[in-house]
Amino acid sequence: MAGAWVLAVWAYYGLYISPVMTSVSALLAPKTGQEPTVRWPGGLPELAAWTADYVVSLLPIVLAVVGLALLFVRKHRSPGARRALALLVLWALILPVFFLVNYKVDMIGKHLFFTMVPIAVAGGVALFALARRGRWGAALAGLGMALVAWQGIIFWIARLVGQSS
């Protein structure tokens, strides 16, 4: 399977790999006699603030961290559940890794879109666990879901307004 994957990538993207690697190398290499171009002069705190503003709220990420923690502390897991958890964690790790890459190479938040599914699944685990804790837990979980839905609508409207201006 790995060989087939490598062959497929080579056959489909083979012509593009060398130019892309050359472009990335040129972009990341320090220029002599020239001041470095820093996209985030305020450093990682500025990038983190931009990211939080871009996604409207960090609530889904907080819920995802709680959900992943709940999945990790569960004692008895089938082999399939362990594989699913590993896949979910690996997929979610795209977010912090490419957050750091975004510091040097502006990706315009694409890593945020690529990690929506594992963030939603892990956040759903957290909300489900909260909902099982009685009436107040169910009410808080419902409020959390409503808040995330509202933030999604605000995000969508902001992108539509941003596209039209």
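These numbers were taken from a predicted model, which means no experiment stands behind them.

1. Digging into the overall build of the chain
Thought 1: The helix and strand inventory of the chain stands at eight helices and zero strands.
Thought 2: Each helix and strand of the chain, placed in order from N terminus to C terminus, yields the pattern α-α-α-α-α-α-α-α.
Thought 3: Out of the 165 residues in the chain, the part that is buried amounts to 20%.
Thought 4: In the chain, of all internal contacts separated by at least 6 residues, the share reaching a separation of at least 24 is 65%.
Thought 5: Of the accessible surface of the chain, which amounts to about 12100 Å², a share of 74% is contributed by carbon and sulfur atoms.

2. Brief notes about the packing of helix 4 (residues 79–92) against helix 5 (residues 94–102)
Thought 1: Contact geometry for helix 4 and helix 5: axes closest at 5 Å, N-to-C directions at 15 degrees. Comparing their axes, helix 5 and helix 4 come out roughly parallel. Residues Leu 90, Trp 91 and Ala 92 of helix 4 form the contact with helix 5, whose participating residues are Ile 94, Leu 95 and Pro 96.
Thought 2: For the contact of helix 4 with helix 5, the class distribution of residues is six nonpolar, no polar and no charged.

3. A look at the environment of Leu 87
Thought 1: Along the chain, Leu 87 falls in helix 4.
Thought 2: Accessibility expressed as a relative area gives 55% for Leu 87, which makes it exposed.

4. Brief notes about the confidence of the model for the chain
Thought 1: Averaged over all residues, the pLDDT of the chain is 82; the fraction at 70 or higher stands at 82%.
Thought 2: Per-element mean pLDDT across the chain ranges from 70 in helix 1 (residues 2–28) up to 94 in helix 7 (residues 116–131).

5. A word on the nonpolar core
Thought 1: Within the largest apolar cluster, eleven residues are counted, these being Tyr 54, Ala 64, Leu 68, Leu 85, Leu 88, Ala 92, Leu 95, Leu 112, Ile 119, Ala 122 and Phe 155.
Thought 2: Those elements giving two or more residues to this core turn out to be helix 3 (59–73), helix 4 and helix 7.
Thought 3: Sorting elements by how many residues they give to this core places helix 4 first, with three residues.
Thought 4: Once residues lying within four places of it in the same chain are set aside, the contact partners of Tyr 54 are Ile 108, Gly 109, Leu 112, Phe 113, Phe 155 and Arg 159.

6. Description of the environment of Leu 127
Thought 1: Residue position: Leu 127 is located in helix 7.
Thought 2: On the basis of relative accessibility, which here comes to 13%, the residue Leu 127 falls in the buried class.
Thought 3: For the pair Leu 127 and Ala 64, spaced 63 residues apart in the sequence, the C-alpha separation amounts to 9.4 Å.
Thought 4: Once you skip the residues sitting within four places of it in the chain, Leu 127 turns out to touch Leu 63, Ala 141, Gly 144 and Met 145.

7. Things to note about helix 5
Thought 1: Those residues of helix 5 that fall on the buried side of the exposure criterion are Leu 95, Phe 99 and Asn 102. The arc that holds the buried residues of helix 5, viewed along the axis, is 60 degrees, so those residues lie on one side.
Thought 2: On its buried face, helix 5 is in contact with helix 2 (44–54), helix 3, helix 4, helix 6 (110–114) and helix 7.

8. Thoughts on the packing of helix 3 against helix 4
Thought 1: Remark: helix 3 packs on helix 4, axes separated minimally by 11 Å, with the N-to-C direction vectors making an angle of 150 degrees. In terms of orientation, helix 3 and helix 4 fall into the roughly antiparallel class. Two packed elements cross with a definite hand, and for helix 3 against helix 4 that hand is left-handed. Residues Leu 68, Leu 71 and Phe 72 of helix 3 pack against Leu 85, Leu 88, Val 89 and Ala 92 of helix 4.
Thought 2: Split into classes, the residues belonging to the contact of helix 3 with helix 4 amount to seven nonpolar, no polar and no charged.

About the thresholds
Residues numbered from 1 in each chain as written. Predicted model: local features only at pLDDT ≥ 70, side-chain atom pairs only at ≥ 80, totals over all residues. Heavy atoms only, no water. Helix = DSSP H or I, 4+ residues; strand = E, 2+ residues; numbered from the N terminus. Buried < 20%, exposed > 50% of the residue type's maximum accessible area, 1.4 Å probe, protein only. Contact = heavy atoms within 4.5 Å. Areas by Shrake-Rupley, 256 points an atom, 1.4 Å probe, with all protein chains shown as cover. Axes fitted to C-alpha atoms, helices over the stretch in contact; angles between N-to-C directions. Parallel < 35°, antiparallel > 145°, perpendicular 65-115°, else oblique. Nonpolar A, V, L, I, M, F, W, Y, C, P; charged D, E, K, R; others polar. pLDDT = per-residue confidence, 0-100. Core = buried A, V, L, I, M, F, W, Y, C linked by side-chain atoms within 4.5 Å. Arc of directions from axis to C-beta. Left-handed = near helix turned anticlockwise from the far one by under 90°.

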